[in-house]
Amino acid sequence: MAEAQVPIEILKLVETLCGPAPEQLQEAQAFAPSNIALAKYWGKRDEVLNLPHNSSVSVSLGSLGSYTKISAAEGADEVYLAGKALDRSEPFAAKVLQFVELFRRGQSLPIRVDTSNSIPTAAGLASSASGFAALMKALNEAFGLALSLPQQSLFARFGSGSATRSFWDGFVTWERGVRSDGSDSYGVPLETEWPEFRIALVPVNTAPKSHSSRDGMNHTTATSPLYASWPKQAEEDFCTAVAAIKDRDFPTLGPLCEANALAMHATMSAARPALHYLSAQSWEILEKLSQARGDGLAAFATMDAGPNIKLLYLDAARDDVMSLFPTATEISPFN
Ligand code: PMV
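Just so it is clear, the model here is predicted, and its values are computed rather than measured. (Residues numbered from 1 in each chain as written. Predicted model: local features only at pLDDT ≥ 70, side-chain atom pairs only at ≥ 80, totals over all residues. Heavy atoms only, no water.)

1. Quick notes on the overall build of the protein
Across its full length, the protein holds nine helices and 13 strands. The principal-axis extents of the C-alpha atoms in the protein amount to approximately 65 × 40 × 40 Å. Sequence separation of at least 24 residues holds for 76% of the intrachain contacts in the protein that already meet a minimum separation of 6. Summing over all exposed atoms, the protein offers an accessible surface of approximately 14,300 Å²; the carbon and sulfur share of this is 52%. Separation of charge centres in the protein, based on 27 positive and 37 negative side chains, amounts to 3 Å. (Helix = DSSP H or I, 4+ residues; strand = E, 2+ residues; numbered from the N terminus. Contact = heavy atoms within 4.5 Å. Areas by Shrake-Rupley, 256 points an atom, 1.4 Å probe, with all protein chains shown as cover. Lys, Arg positive; Asp, Glu negative; His and termini not counted. Charge placed at Lys NZ, Arg CZ, Asp CG, Glu CD.)

Quick look at the structure:
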């Protein structure tokens, strides 16, 4: 995004919150955790400002996330992913440099961005949330922007909505906000610690997804007759999930997370043409899980814009979950 193409609403926010354009660039590095939404964001009420129709809540994945280092480049900008130099026209590099430009504001400060992910590729987790959060944190330091974490979260929203929630560990909400300029739509951490809370990633297909979540949600919002019921239900689910997290009430939270994810996927199935991120194997896992629940297992699933399944359970169910799903990678977000 060249400076001239940045929407005026975003430029105004940059001017108000970041002060004058930077005059120098200092070396900086940052880490941000990946996160999994427990009550999901799906659909934008404002595409330019990337504002959601509903609030969402997630749990961060501890040491699984993105590392970003920023330094001065010699001549032109450079972007490296996992140590490999990318062509600036590659979509990933172009997105990173667009985001950099928001804060560089036309200044002649060539930049080198080095990003790597500690998320095992085989886990099938998207890295855009942690990637934009780590990039924002590193830019904040590199350009001396002195933004608070909520302000950084607000700006990361322009890279990826879910990045708003990747600035803190543990449970984090992304408030939909009510202001038209989006200045009240950013991440807010919850204080609740829940050491027994577990997530297991069950890989189904770890290749990059065929439709980005941005395209998927826009298509769903524009064409799915079921979408009309989503924002209200999703906001209710969000409130119930936050209350259940605060009470550490797994019997309420577990089923709610699975129902919320299935409702989100139902809106996509009803889109015209239908959009399916879940594959036959995803449904087999969901069926196996449902049968195990019939035998008393307290584990539930959540699914994002891809076929991979994330299981939610408490430590006491660990052995049963792992013997049922031996390919799963377990994460303890609070240990
Ligand atoms: O932040 P995005 O644009 O990658 O969209 C994320 C959408 C979901 O992962 C499906 C839900 C969520 O709240 O993270």
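More follows now that the structure is in view.
2. Some points on the pattern of salt bridges
Charged atoms that come close allow side chains of opposite charge to pair. Within this structure, the stated rule accounts for twelve salt bridges. Two residues, R318 and D319, come together in a salt bridge whose shortest N-O distance is 3.6 Å. The exposure class assigned to D319 is exposed, which follows from its relative accessible area of 55%. Each member of the salt-bridge network shares a partner with another, and the members are K40, D304 and K310. (Salt bridge = Lys/Arg side-chain N within 4 Å of Asp/Glu carboxyl O. Buried < 20%, exposed > 50% of the residue type's maximum accessible area, 1.4 Å probe, protein only.)

3. Some details on the site of the ligand
Taken together, 14 residues surround the ligand, and among them Y41, S160, S162, R165 and S213 come closest. For the ligand, an oxygen atom lies 2.9 Å from a polar atom in the side chain of S213. Here an oxygen atom of the ligand and a side-chain polar atom of D304 are 3.3 Å apart. In isolation the ligand exposes 380 Å². Once the protein is present, 90% of that is buried. Here the residues of the shell around the ligand sort into six nonpolar, five polar and three charged. (Near = heavy atom within 4 Å. Polar contact = N/O pair within 3.5 Å; in protein donor to acceptor, adjacent residues only side chain to side chain. Nonpolar A, V, L, I, M, F, W, Y, C, P; charged D, E, K, R; others polar.)

4. Section: the sheet that holds strand β12 (residues 309-314)
Within a sheet, each strand pairs with its neighbour through backbone hydrogen bonds, oriented either parallel or antiparallel. Spatially, β11-β12-β10-β13 is the arrangement adopted by the four strands of the open sheet, whose pairing is antiparallel. Two strands bound the open sheet, and with one partner strand each, they are β11 (299-302) and β13 (329-331). Pairwise comparison of adjacent strand axes, ignoring direction, gives a mean angle of 25 degrees for this sheet. Taken together, the three bridges between strand β10 (residues 197-202) and β13 define a ladder with antiparallel strand orientation. What sits directly across from I199, in β13, is I331. Running at roughly 30 degrees to β11, helix α7 (residues 250-269) makes contact with β10, β11 and β12 of the sheet. Along the sheet, helix α8 (residues 280-294) makes contact with β10, β11 and β12, crossing β11 at roughly 160 degrees. (Pairing = 2+ DSSP bridges. Axes fitted to C-alpha atoms, helices over the stretch in contact; angles between N-to-C directions.)

5. What to know about the nonpolar core
One finds I70, F103, I111, M136, L139 and F155 to be the most contacted residues of the largest nonpolar core, which totals 43 residues. Only α1 (8-18), β1 (28-39), α2 (91-104), β7 (111-117), α3 (128-142) and α4 (149-156) provide two or more residues apiece to this core. The element contributing the most residues to this core is α3, with eight residues. In this structure, M136 is in contact with F99, F103, L145, L147, Q152, F155, A156 and F167, ignoring residues within four places of it in sequence. Ranked by size, the runner-up nonpolar core spans 28 residues in total, among them V57, F171, L256 and I331. (Core = buried A, V, L, I, M, F, W, Y, C linked by side-chain atoms within 4.5 Å.)

6. Side note on the packing of aromatic side chains
Going through the model one piece at a time under the given rule, you end up with 15 aromatic pairs. Considering the side-chain rings of F99 and F132, the 5.4 Å spacing of their centres and the 70 degrees angle between planes classify their relative orientation as edge-to-face. Of this pair, F99 sits in helix α2 while F132 sits in helix α3; the two residues are 33 residues apart in sequence, bridging distant segments of the chain. By relative accessible area, F99 is classed as buried at 3%. Relative accessible area serves as the criterion here: at 8%, F132 is assigned to the buried category. Aromatic side chains F103 and F155 sit 5.3 Å apart centroid to centroid with 85 degrees between the ring planes, which places their arrangement in the edge-to-face category. (Phe/Tyr/Trp six-rings, centres within 6.5 Å; stacked < 30°, edge-to-face > 60°.)

7. With respect to the packing of helix α6 (residues 230-246) against α7
Two numbers describe how α6 lies on α7: the axes approach to 10 Å, and their chain directions differ by 160 degrees. Of the possible angle classes, the one that applies to α6 and α7 is roughly antiparallel. Here the hand of the crossing between α6 and α7 comes out left-handed. Where α6 approaches α7, its residues W230, A234, D237, T240, A241, A244 and I245 are matched on the opposing element by T252, L253, L256, N260, A263, M264 and T267. For the contact of α6 with α7, the residue count by class is nine nonpolar, four polar and one charged. (Parallel < 35°, antiparallel > 145°, perpendicular 65-115°, else oblique. Left-handed = near helix turned anticlockwise from the far one by under 90°.)

8. Concerning the environment of Q151
Topologically, Q151 is positioned in helix α4. The sequence separation of Q151 and S183 amounts to 32 residues, and the corresponding C-alpha distance is 8.7 Å. From its side chain, Q151 meets the backbone nitrogen of S148 in a polar contact 3.0 Å long.

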